[in-house]
Amino acid sequence: MDPVVIPILVAAIVVVFLVAATVRIVPQARRYNIERFGRYRRTLQPGLNFVLPVADRVNTKLDVREQVYSSDPKPVITEDNLVVNIDTVLYYQITDPRAAAYEVADYLQAIDQLTVTTLRNVIGSMDLEGTLTSREEINARLRAVLDDATGKWGIRVNRVEIKAIDPPNTIKEAMEKQMRAERDKRAAILHAEGERQAKILTAEGTKQKDILEAQGTQQAMILRADGESKAVELVFQAVHRNNADAKVLAYKYLETLPHLAQSDNNTFWVIPGELTEAIRTVTTAFGDQASATGSLSSAQREAAVTAAAAAAADDVADSDKDNVGVPEIEPNSTLALDAVAAADEAAKEAAAAVSDAKAEAEAAGETRLPGRGQMPGS
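If you're wondering where the values come from, they're calculated on a predicted model, not measured in any experiment. Residue positions are given per chain, counting from 1 as you read along its sequence in written order. Local features in this predicted model are restricted to residues of pLDDT 70 or higher, and side-chain atom pairs are both shown and tallied only at a pLDDT of 80 or more, whereas totals for entire chains, interfaces and linings draw on every residue. Only heavy atoms go into the side-chain values, all of them from the structure, while hydrogens and water stay out.

### Focus: the pattern of salt bridges
Then, in step 1: Salt bridges are defined as contacts in which a side-chain nitrogen from Lys or Arg sits within 4 Å of a carboxyl oxygen from Asp or Glu. Taken as a whole and judged by the stated rule, the model has 11 salt bridges.
Then, in step 2: Across the pair aspartate 87 and lysine 163 runs a salt bridge, and its minimum N-O distance is 3.2 Å. Of this pair, aspartate 87 sits in strand β8 (residues 83-94) while lysine 163 sits in strand β9 (residues 155-166), and the two are 76 residues apart along the sequence.
Then, in step 3: For glutamate 161, the salt bridge identified is with arginine 159, shortest N-O distance 2.6 Å.
Then, in step 4: Note on classification: 1.4 Å probe, protein chains only; a residue is buried when its accessible area is under 20% of the maximum for its type, exposed when over 50%, partly exposed between these limits. Looking at glutamate 161, the relative accessible area reads 22%, which means it is partly exposed.
Then, in step 5: Taken together, the shared-partner salt bridges in this structure form one network comprising Arg30, Asp63 and Arg65. Comment: elements are numbered from the N terminus, with helices defined as DSSP H or I runs of at least four residues and strands as E runs of at least two.

### Some remarks on the packing of aromatic side chains
Then, in step 1: Aromatic rings from Phe, Tyr and Trp, taking only the six-membered ring of Trp, are treated as a pair when their centres fall within 6.5 Å; an angle between ring planes under 30 degrees marks them as stacked, one over 60 as edge-to-face, and anything in between as tilted. Enumeration according to the criterion identifies two aromatic pairs in this entry.
Then, in step 2: When the centroid spacing of 6.1 Å and the interplanar angle of 65 degrees are considered together, the rings of tyrosine 92 and tyrosine 107 count as edge-to-face. A residue pair is termed long-range when its members are at least 10 positions apart, and tyrosine 92 in strand β8 and tyrosine 107 in helix α3 (residues 107-123) qualify at 15 residues. Considered together, tyrosine 92 and tyrosine 107 belong to a single accessibility category, that of buried residues.

### Let's talk about the layout of surface pockets
Then, in step 1: Here a cavity denotes a set of grid points, spaced 1 Å apart and computed over the protein atoms alone, in which a 1.4 Å probe fits but from which it cannot get out, and a pocket denotes an open set meeting protein on both sides within 12 Å along at least five of seven lines; residues with an atom within 4 Å of a point are reported as lining. Grid points are joined across faces, edges and corners, and a volume is the space filled by probe spheres set on the points. Its boundaries defined by the atoms lining it, the second largest pocket holds a volume of some 210 Å³.
Then, in step 2: Where the lining of the second largest pocket is concerned, the elements lending two or more residues are α4 (128-133) and α6 (169-242).
Then, in step 3: Sorting elements by how many residues they give to the lining of the second largest pocket places α4 first, with four residues.
Then, in step 4: Classifying every residue of the lining of the second largest pocket gives four nonpolar, two polar and one charged. Just so you know the grouping, Ala, Val, Leu, Ile, Met, Phe, Trp, Tyr, Cys and Pro go in nonpolar, Asp, Glu, Lys and Arg go in charged, and all remaining residues, Gly too, go in polar.

### What to know about the side chain of aspartate 87
Then, in step 1: Residue classification places aspartate 87 among the buried residues on the basis of a relative accessible area of 10%.
Then, in step 2: Contacts are residue-level and defined by heavy atoms, with any inter-residue pair within 4.5 Å sufficient. When neighbours within four sequence positions are excluded, aspartate 87 is seen to be in contact with Ser70, Ser71, Asp72, Pro73, Glu161, Ile162, Lys163 and Ala164.

### Description of the nonpolar core
Then, in step 1: In this structure, Ile86, Leu90, Ile138 and Ile155 are the most contacted members of the largest nonpolar core, which totals 29 residues.
Then, in step 2: Of the residues forming this core, the biggest block, seven residues, is contributed by α3.
Then, in step 3: Ignoring sequence-local partners within four residues, the contact set of isoleucine 86 consists of Asp72, Pro73, Lys74, Val76, Leu119, Ile123, Ile162, Ala164 and Ile165.
Then, in step 4: Counting residues in each nonpolar core, the second largest holds five residues, with Val26, Tyr32, Ile34 and Leu44 among its members. Residues belong to a common nonpolar core when they are buried Ala, Val, Leu, Ile, Met, Phe, Trp, Tyr or Cys residues joined through side-chain atoms within 4.5 Å.

### A word on the packing of α3 against helix α5 (residues 135-150)
Then, in step 1: The N-to-C vectors of α3 and α5 enclose an angle of 140 degrees; their axes lie 10 Å apart at closest approach. What the angle tells us is that α3 and α5 run oblique. Note on packing geometry: the crossing formed by α3 with α5 is right-handed. On α5, the residues that touch Ile111, Leu114, Thr115, Thr118, Leu119, Val122 and Ile123 of α3 are Ile138, Arg141, Leu142, Val145, Leu146, Ala149 and Thr150. Only the stretch in contact is used when a helix axis is fitted, and all axes are lines through C-alpha atoms; the angle between N-to-C directions ranges over 0 to 180 degrees. Each angle is binned into one of four classes, with values under 35 degrees roughly parallel, values over 145 roughly antiparallel, values of 65 to 115 roughly perpendicular, and all other values oblique. Working rule for handedness: look at the near helix, and if it is turned counterclockwise from the far one by less than a right angle, call the crossing left-handed; if clockwise, right-handed.

### A closer look at the environment of arginine 65
Then, in step 1: Relative to the elements of secondary structure, arginine 65 occurs in the loop between β5 (56-63) and β6 (67-70).
Then, in step 2: The spatial distance from the C-alpha of arginine 65 to the C-alpha of isoleucine 94 is 7.2 Å, given a sequence separation of 29 residues.
Then, in step 3: Apart from residues lying up to four places away in sequence, arginine 65 is in contact with Ala29, Arg30, Tyr92 and Gln93.

### Some thoughts on unusual backbone geometry
Then, in step 1: Here the phi dihedral of phenylalanine 37 falls at roughly 55 degrees; this positive angle occurs in a residue that is not glycine.
Then, in step 2: Under the relative-accessibility criterion, phenylalanine 37 is labelled exposed at 72%.
Then, in step 3: One non-glycine residue, valine 54, lies in the positive phi region at around 70 degrees.
Then, in step 4: Within the element layout of this structure, valine 54 appears in the loop between β4 (47-50) and β5.

### A closer look at the sheet that holds strand β2 (residues 30-36)
Then, in step 1: Note on pairing: DSSP must find at least two bridges between two strands before they are called paired. Spatially, the three strands line up as an open sheet ordered β3-β2-β5, and their pairing is antiparallel. The strands lining the two open edges of the sheet, one partner per strand, are β3 (39-44) and β5. The sheet shows a mean angle of 25 degrees between the axes of neighbouring strands, direction not considered.
Then, in step 2: As paired strands, β2 and β5 are joined by seven bridges and run antiparallel to one another. Bridge assignment links glutamate 35 to a residue of β5, and that residue is arginine 57.

### Some words on the confidence of the model for the protein
Do not read the fine detail of predicted coordinates wherever pLDDT is low.
Then, in step 1: pLDDT is a per-residue confidence score from the predictor, ranging from 0 to 100. Looking at the protein as a whole, its pLDDT mean stands at 74, while 63% of the residues score no less than 70.
Then, in step 2: Taken element by element, the protein is modelled with least confidence in helix α9 (residues 298-322), mean pLDDT 47, and with most confidence in β2, mean pLDDT 91.
Then, in step 3: Overall, residues 289-309 carries pLDDT values under 50, and its contacts beyond four positions in sequence, including any with other chains, amount to 23 contacts.
Then, in step 4: Predicted confidence for residues 319-340 stays below pLDDT 50, and this span has 23 contacts to residues more than four positions away or in other chains.

### Observations regarding a nonpolar patch on the surface
Then, in step 1: Patches here: salt-bridge-free residues with over 30% relative accessible area, like charges joined within 9 Å, nonpolar side chains (Val, Leu, Ile, Met, Phe, Trp, Tyr) joined within 5 Å. Each accessible area value is a Shrake-Rupley result obtained with a 1.4 Å probe; residue values ignore everything except the protein chains displayed when judging cover. Residues Ile6, Val10, Val14, Phe17 and Leu18 make up a contiguous nonpolar surface patch of roughly 440 Å² in combined accessible area.
Then, in step 2: Residue placement: isoleucine 6 occurs in helix α1 (residues 5-22).
Then, in step 3: Residue classification places isoleucine 6 among the partly exposed residues on the basis of a relative accessible area of 44%.

What follows is the structure, given as structure tokens:
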């Protein structure tokens, strides 16, 4: 080999080595810390960079993108002396590569320990229920403390989240029982509220039903009374239009007496005081008829009057017997004694009325008797 070629090859290799040692290409979102003879010189930015070979070297390569760090569950004691395991997630970003490399030996471990101590300070002032329901407050306080402490390390904490809070198993069982009891309570309240609404609606429906029935009964009674009043008015007009005398009215009065005892609700019925007057009117009518015709004997007139009075009394008695809905009166009761006395009084008055009618009939007959034996024209 030519002796000149060997030095040229060696020189070429040295040049290549120097060029490779001088040029540094930094990727995007990366930062390289350069030391010159063991002392921090500068931080290389993304792109093509040149350094002194042999004198400069790359100490640390850092990623300045936002990073996620998930710590292991850490035991923390609450204010009510319960141990809970809390797992956190940390979102951070390197803002100063020099500080991150030279201000702290291991920034991840430092952040983890700072997170644990801050959690114990925050959770120690809360009870279990407050810990479970105050995650946003815990996250905000953690972020404030970590961001303030890691700022001198060239790290910015963007967000801290509590991933899980695990209380002891006994506490979990108690919480489940509490939640079950709370659900049962709400279910019982809803059931009672439903029954209450149902009873209210039922009562309102019953009320409306009773009101409508009462209104219907009222309308029926009004219509019935209106019809009865019109019927009475028509009867009254018919009686006055036909100019009925006292004899017809007395006879109709006697016809009405049997209907007084036909009601099922009557325990007794009272004979009106006008009965004797009606009987006198009837007997007078029979006497006047006999006087006008002059064709009946005294015995016949007496029999007619007696038959009229007996017929009226029989109608009243028959109507009383036919009234099967009337309850029997005990013989020893005061009501029975009053009924017997009233019946005796009515019988006496009826007998007196019959006697008066007979007397009037005989007087009328005696007055007419002499005229029977006279011959016409004598």
